[in-house]
Every structure is written in structure tokens, then in C-alpha cells.
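Remarks on the overall topology
One letter stands for each residue in the lines below.
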Amino acid sequence: MQTFILIALVISSIVLIASVMLQSGKDAGLSGSIAGGAEGFYGKKKSRGYDAIFEKLTKISAAVFMLSAFINSLL
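An account of the accompanying structure is given in this report. (Residues numbered from 1 in each chain as written. Predicted model: local features only at pLDDT ≥ 70, side-chain atom pairs only at ≥ 80, totals over all residues. Heavy atoms only, no water.)

Observations regarding the side chain of Thr58
The topology assignment puts Thr58 in helix H4 (residues 50–74). Only 2.6 Å separates the side chain of Thr58 from the backbone oxygen of Phe54, close enough to count as a polar contact. The residues contacting Thr58, other than those within four sequence positions of it, are Leu16, Ser19, Val20 and Gln23. (Helix = DSSP H or I, 4+ residues; strand = E, 2+ residues; numbered from the N terminus. Polar contact = N/O pair within 3.5 Å; in protein donor to acceptor, adjacent residues only side chain to side chain. Contact = heavy atoms within 4.5 Å.)

Topic: helix H1 (residues 2–22)
Its 21 residues place the ends of H1 30 Å apart at the C-alpha level, agreeing with the 30 Å of an ideal helix rising 1.5 Å per residue. Within H1 the residues assigned to the buried category are Ile5, Leu9, Ser12, Leu16 and Ser19. Here the buried residues of H1 occupy an arc of 110° about the axis, which is enough to place them on one side. What points out from H1, more than 90 degrees from its buried face, is the exposed set Thr3, Ile14, Ile17, Met21 and Leu22. Packing partners of the buried residues in H1 comprise H4. (Expected span 1.5 Å × (residues − 1). Buried < 20%, exposed > 50% of the residue type's maximum accessible area, 1.4 Å probe, protein only. Arc of directions from axis to C-beta.)

Spelled out as C-alpha cells, the structure:
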């Protein structure tokens, strides 16, 4: 059981790192969040391409990572 949790922890950490690194960056930065904040709410819709896939993959791998790390600390 502990081996399975450790393997899940390693795989989820590698997938998490890769999915975060492959996402496109937000070009606006701090100045864009102050000046163009309304565009995020009312402007363009999210793309349905690779960014959406990487966003879902990041959320799933982060949840698996946190859960496996918590279970691993209990064992």
C-alpha cells in the first residue's frame, strides 16, 4: 500500500510540474491586473485548446499530489 502511494506521489508531482511549465503565461502582470481587470470578467472567453486541458490536468494532479502526500504522512 505504501509503495502504491509513493508511486502516485512521484507520478503526480512529475505531471504537476510538466503541466504548469507547459501552460502559457499571463502577459499582463501586475499592471494588467490593475488597468485591465474588467477584460478578464467581460472580455474574451477561455480558449478550449491546450490551455484548458493543462488547467484541468494541473487541478487533478494537484489534488492527487496533496491527497497522496497526506496519506503518505499518515503511514
